[in-house]
Amino acid sequence: MPDDLVQGTLEMLVLKTLALEPMHGYGVALRLEQISHGVFRINPGSLLPALSRLERAGRIKAEWRATENNRRARYYQLTPRGRKALEAERAQWDRQIAAITRILEA
Amino acid sequence: MFSRLTAGLRALFHRDRRNADIQREVDSFFQASLDDKLRRGMSRDAALRAARAEIGSAESVRHKVWSAGWESTADSLLQDFRFALRQFRKNPGFSLTAILILTLGIAASIAIFSFVDAALIRPLPYQDPSRLVVLFESIPLGPRFHLSYLDYLDWKRQNTVFSSLDVYSTYGFLLQTPTGTENVEGARVSAGFFRTLGVAPILGRDFRPGDDQVNALRPVLLSYSAWQRRYGGRSDVLGQTVVLDGDPSMIVGVLPPSFHFAPAEPADFWATDRADGGCEKNRGCHNLFGIARLKPGVTFASAFADIKTIANNLARQFPDSNRDQKAFMLPLTDVIVGDIRPILLVLLTGAALLLLIAAVNVASLLLVRAEQRRREMAVRGALGASRPRLIRQFITEGFVLSVASGILGLALATAVMQLFLRLIPKDILATMPYLRGIGLNLHVLAFATLVSLGAGILFSLLPALRVSLSDLRESLTEGGRSVSGTLWRRFGSNLVVLELATAVVLLTGAGLLGKSFYRLLHVDTGLEPGHLALVQVAATGPAYDKNEQLVALERRLKSTLSTLPGVQSVALTSKLPLGDGDITTGFDIVGAPADTVHREVAFRSVSASYFPTLEARILHGRWFTENDDASHPPVVIINEQMAREYFAGQNPVGKQIETQGVKHMEIIAVINDVQEGQLDAAPRGAMYFSDLQFPSGFFAILLRTSQNETALLGPAAAAIHSVDRGLAVSEPATMTERIHDSPSAALHRASAWIVGGFAALALLLSVVGLYGVIAYSVSRRTREIGVRMALGAQRSAVYQLILREAARLAVLGIAAGLVCALAATTLLRSQLFHVQTWDVTTLVGVAMVLGSAALLASFLPARRAASVNPTEALHAE
């Protein structure tokens, strides 16, 4: 059973992925799987709602474009607000991780 | 934020396009996934299988994306709302009953609350009203009597506890208008009165200390409504002259619209007290009430003690005038609303009780329906509805019900408020100026919202609890006789018993009050009230300065009025009976040993025809005759109560008394007690002088007629004016009207109606509640009834079965209610007139009414049970 991700964490990871370059939904899922060495396998039932939420929040914006296979896909990219949100959430995540580590090593 | 709103709205209104967009995205994901797998070298079949497995259910993915937006919650709420409406439409009987019951309950409580708010919650229009007190002089006859001017000055000078002390009295002014003399309502106050209250005029100026000097033009303040009514709200009213009581007076200011002073209302004109009548020089002439503001830090008790000491000192200093006169003090709020406060609180409790019954009733009806929908809920749950979703359905239904009833109830309440206002006679309403602002104001709306929300929460919780407590799986099985079902049934039965008991209590109260009202209206007043026309007359001015002039006027009036068609007799009195019973004086018995007992009785000055016109009865002695005039010795007629109190065991006729400066007055008769006070007042001593010997410039005329007395009022006024245009004629009425509109009658009538209204509603609610419980029980026992009938039970046996269950509940409820009624009605004791709180007829009547109502309520379900088809019943469930 693949590790489940908390909803907020997934959104942070999606933002990070899109910070590197704009991509479509499947591309994000693929990239996340690759970089995490298969630990996180995001199914569309979790990813697409997350993308919708991020879009509603104004953190990413989307447009239909042609893929390399000449198919139509919705490409997402980070907005300035999203970039700021990513930084903030990254900082908070680091704080939490440091705290958890300290507790576990105490 | 705003974009989120618009995106959601767009999704809501263009649902298909949104769905299509989502589908396209899912498709493109699938396509990208497929391409990627093919690129990695999987076979087409394997790639397809893997891609499909990855997506899972496209429907489910679409739903998840849709749920990511706020519009999905809004949409499902809207769905719930539409479903709730459809449910209500499908069960019109249930919906209409529920809404009707709730609306009635909510309307009653909102209407009552508006009165409570206007009278008790809204602050009085003065500065720091809790620091204001009203001062009286208390005498053996009672605690709330007037002060005299000289006493007021001494109290003002000697006290150390009031930052200011002023006086007021109600007063009727004779206003000279182009069309004649008009009697107008007003008040006379000392110069610092409005400053003591902390009220400033919105136009012009307040009174100044020099204003009560006789030589200055008397200043007058207008009430706001008088300014609007009589002067059209024009700002040039300042400086205008009005002639009041023959004195030219100047309007110097207008009072604020929010201002009212109930003890002196209604009052159009406010004038300063003038040192003119001579009453202010006589310490024994009492015509004022005091109003004072406590100094900061002074308590009510210490101020009361201080003023009591001052009054006792005065009584010692001036024994002739002030003997036995003590000081009495009450907070202003008590004087204004003290009488109606207990009534209003009782009404509010009643309304709350009624609302509770209504809410409980509707909740139990909802429970019944929730039971019937058990299977529907179970199926929905099996199809994937989450428990919160199901609970939300009930919550929506509950709130739709309560919001609809709340709105309807608010609308109905405005009508009920007007109805209540009409229960109060107009001239009594004028003395309750704080009721002017009754209507849909902020407080009332807030209360209405609170009540509706509370009801909504109650209705949603109960069925929702039922859903969460029950095992959904178990409801799907056949013949589920769950423990929780029996629990709820017992709960419903207990509720009905409670409702029945409450209805019994209210019905008993209504019955007692109704009986008391009836007894009040038929009490022996000592006079015959039918066919009597009444009118007040004021004869003032230099033409009526001397007694002979007034006597001559009386003769002219009598001869003119007796020529009117249908008039059987004409009589005069200085003050009509069945009023406030006031105007008293002291007297001493000539020849009796001197003592310190203070004798005080009411006194009136009447014409010789007075008692015959009233059809009073003479017990000893003779009537007044035309011979009892100024050239003959003064005579007096006393009533039975005075004879009982002061001439016990003797025959008073022939004895002499000394009173009002007359050394020898012979008692020529004893008559039966004519009620000078209110219908329910205790008998009080009264004596009557001949108005040929002691005429009064302010008197009332009574006309006994054989025909319709109301038609006589107009011609009578015209006839009086034909004798002298300068006479002020006012307050035309008939004696029966006077009785009907009297404060005590109005109070009893209003109480009986209101409690009766409550009782009727409570009865309706109990009947509906009983019906609900029995119907529910029948629906759960359908199978059992089918079995019984299949085994040979007759229809009558089924009837008995159901009716016995109903009877058990009814008997329990009625019995409990009767016990509670015996306890609760002791609260009414002070309101009841000649009726015991444990009046047997009423109790038996109430029990019978409820018994038959209960029978009716249970008859319908019983009939349905008896007409059950055994085979159908056995197959059902």
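The shown structure was predicted, so the numbers you read here are calculated from the model rather than taken from an experiment.

Asks: For this particular structure, what's the right way to read the overall build of chain A?
Replies: The helix and strand inventory of chain A stands at four helices and three strands. Counting from the amino terminus, chain A carries its helices and strands in the arrangement α-β-α-α-β-β-α. Projected onto the principal axes, the alpha-carbon positions of chain A cover approximately 55 × 35 × 20 Å. Burial analysis of chain A (106 residues in total) assigns 29% to the buried set. Counting only contacts in chain A whose residues sit at least 6 apart along the sequence, the fraction spanning at least 24 positions is 52%.

Asks: Please explain the overall build of chain B as it appears in this structure.
Replies: Within chain B one finds 29 helices and 23 strands. Whereas a compact globule of 877 residues would reach a radius of gyration of roughly 29 Å, chain B reaches 38 Å, over 25% beyond that. With the principal axes as the frame, chain B shows a C-alpha extent of 140 × 70 × 55 Å.

Asks: How should I be thinking about the nonpolar core in this particular structure?
Replies: Most often, soluble globular proteins keep nonpolar side chains buried together rather than apart. If you look at the biggest cluster of nonpolar residues, it comprises 225 residues, and the most contacted ones within it are Val362(B) and Leu770(B). With residues up to four places along the chain from it excluded, the contact list for Leu770(B) reads Val496(B), Ala806(B), Leu809(B), Ala810(B), Ala854(B), Ala857(B) and Ser858(B). Formed by 27 residues, the second largest nonpolar core is a distinct cluster that contains Leu13(A), Val14(A), Leu51(A) and Phe29(B).

Asks: Mind showing me how you'd approach the packing of helix α7 (residues 149-158) of chain B against helix α10 (residues 300-317) of chain B here?
Replies: Axis angle and axis distance: for two packed helices, these are the angle between their axes and the distance between the axes, and together they describe the pair. Residues and elements named next belong to chain B. One can describe the packing of α7 onto α10 by two numbers: an axis separation of 10 Å at closest approach and a directional angle of 130°. The orientation of α7 with respect to α10, classified from their angle, is oblique. The element α7 and its partner α10 pack so that their crossing is right-handed. Contact with α7, carried on its side by Asp151, Asp154, Trp155 and Gln158, involves Ile307, Ile310 and Leu314 of α10 and no other residues of that element. Grouping the constituent residues of the contact of α7 with α10 by class yields four nonpolar, one polar and two charged.

Asks: Looking at this model, I keep getting lost on the confidence of the model for chain B. Mind explaining?
Replies: Caution applies to low-pLDDT parts of the model: their predicted coordinates are not meant to be read in detail. Summarising the model, chain B shows a mean pLDDT of 86, and 95% of its residues fall at 70 or more. The complex model carries a pTM of 0.73, and its ipTM stands at 0.90.

Asks: It is not clear to me how the interface of chain A and chain B should be interpreted in this structure. Could you clarify?
Replies: If you look at the interface, chain A gives 19 residues, while chain B gives 21 residues. Breaking the side of chain A that touches chain B down by element, the ones donating at least two residues are α2 (25-35), α3 (44-56) and β3 (72-78) of chain A. Here the element with the most residues in the side of chain A that touches chain B is α3(A); it accounts for seven residues. Per-class residue counts for the side of chain A that touches chain B are six nonpolar, eight polar and five charged.

Asks: Help me understand the sheet that holds strand β1 (residues 23-24) of chain A in this model?
Replies: By definition, the strands of a sheet pair up through backbone hydrogen bonds, in either a parallel or an antiparallel sense. Ordered by their spatial adjacency, three strands build an open sheet running β1-β3-β2 (chain A), and the pairing between neighbours is antiparallel. Each edge of the sheet is formed by a strand with only one pairing partner; in this case those strands are β1 and β2 (60-66) of chain A. Looking at chain direction, β2(A) and β3(A) are connected through seven bridges and run antiparallel. Each bridged residue has a counterpart across the sheet, and for Ala62(A) the counterpart in β3(A) is Tyr76(A). Strand contacts of helix α2 (residues 15-39) of chain B: β1 and β3 of chain A, with the helix running at about 100° to β3(A), the strand carrying the most contacts.

Asks: What is the right way to read the packing of helix α6 (residues 92-121) of chain B against helix α25 (residues 743-780) of chain B from this model?
Replies: Residue and element names in this part refer to chain B. Two elements in contact, α6 and α25, have axes separated by 11 Å at closest approach and are oriented at 150°. Classed by the angle they form, the pair α6 and α25 counts as roughly antiparallel. For the element pair α6 and α25, the recorded crossing hand is left-handed. Judged by residue contacts, Thr97, Ile101, Leu104 and Ala108 of α6 engage Leu761, Leu765 and Val768 from α25. Its residues placed into classes, the contact of α6 with α25 shows six nonpolar, one polar and no charged.

Asks: Teacher, can you tell me more about the environment of Tyr610(B) here?
Replies: Tracing the backbone shows Tyr610(B) in helix α21 (residues 610-614). Considered as a pair, Tyr610(B) and Phe833(B) are 223 residues apart in the sequence and their alpha carbons are 29 Å apart.

Asks: What should I look at first to understand unusual backbone geometry in this one?
Replies: Glycine aside, the phi torsion of most residues is negative, and most peptide linkages are trans. The linkage connecting Glu265(B) with the following residue, Pro266(B), adopts the cis geometry, with an omega of 0°. At His37(A), a residue that is not glycine, the phi angle is positive and equals roughly 55°. Among the secondary structure elements, His37(A) is positioned in the loop between α2 and α3. According to the C-beta neighbour criterion, His37(A) is exposed, with 7 such atoms within 10 Å. If you check the backbone angles, Glu615(B) has positive phi at about 65° while not being a glycine. A tally of 14 C-beta atoms within 10 Å means that Glu615(B) is categorised as partly exposed.

Asks: How do you make sense of the pairing of strand β19 (residues 656-659) of chain B when you look at a structure like this?
Replies: Looking along a regular strand, one sees the side chains alternate between the two faces of the sheet. All names here are of chain B. Along β19, the buried face is formed by Ile657 and Thr659; none of Gln656 and Glu658, which line the opposite face, is buried. Strand direction decides the pairing type here: strand β15 (residues 584-589) and β19, joined by three bridges, are antiparallel. Within β19, the residue paired with Asp588 across the bridge is Glu658. Pairing geometry for β19 and strand β20 (residues 662-671), over three bridges, is antiparallel. Pairing of Gln656 across the sheet is with Glu666, part of β20. Hairpin remark: β19 followed by β20, antiparallel, with two residues in the connecting loop; positive phi at Gln660, about 50°.

Asks: Help me understand the environment of Val601(B), please; the structure alone is not making it clear to me.
Replies: Residues and elements named next belong to chain B. Relative to the assigned elements, Val601 resides in strand β16 (residues 600-606). On the basis of neighbour counts, which here come to 22 C-beta atoms within 10 Å, the residue Val601 falls in the buried class. Considered as a pair, Val601 and His63 are 538 residues apart in the sequence and their alpha carbons are 90 Å apart. Setting aside residues no more than four positions away along its own chain, Val601 makes contact with Thr584, Phe587, Met642, Gly685, Ala686 and Met687.

Cut-off values and rules
Starting afresh in each chain, residues are numbered from 1 along the sequence in its written order. Note on labels: chains are lettered from A, ligands numbered from 1, in written order. Confidence filtering applies because this is a predicted model: local features only for residues at pLDDT of at least 70, side-chain atom pairs given and counted only at 80 or more, and all residues used for totals across whole chains, interfaces and linings. Under the scheme used here, helices are H or I runs from DSSP no shorter than 4 residues and strands are E runs no shorter than 2 residues, and both carry numbers assigned from the N terminus. Field definition: a residue is buried when 20 or more other C-beta atoms are found within 10 Å of its C-beta, exposed when 12 or fewer are, and partly exposed for counts in between, with C-beta atoms placed from the backbone. A pair of residues counts as a contact when their C-beta atoms, built from backbone coordinates, are separated by no more than 7 Å. In this description the radius of gyration comes from C-alpha coordinates, and the expected globular size is given by 2.2 Å times residues to the power 0.38. Note on terminology: a nonpolar core is any set of buried Ala, Val, Leu, Ile, Met, Phe, Trp, Tyr and Cys residues joined through C-beta atoms within 7 Å. Structural elements are reduced to axes, namely lines fitted to C-alpha atoms, with helices fitted over the stretch in contact, and the angle between N-to-C directions of any two is expressed from 0 to 180 degrees. Any angle that is under 35 degrees is reported as roughly parallel, and any over 145 degrees as roughly antiparallel; angles of 65 to 115 degrees are reported as roughly perpendicular and all others as oblique. Crossings are classed by handedness, with left-handed meaning an anticlockwise turn of the near helix from the far one by less than a right angle and right-handed meaning a clockwise turn. Side-chain classes are defined by residue name, with Ala, Val, Leu, Ile, Met, Phe, Trp, Tyr, Cys and Pro counting as nonpolar, Asp, Glu, Lys and Arg as charged, and the others, Gly among them, as polar. Each residue carries a pLDDT score, the predictor's own confidence in it, on a scale running from 0 to 100. When DSSP finds at least two bridges between two strands, those strands are taken to pair.

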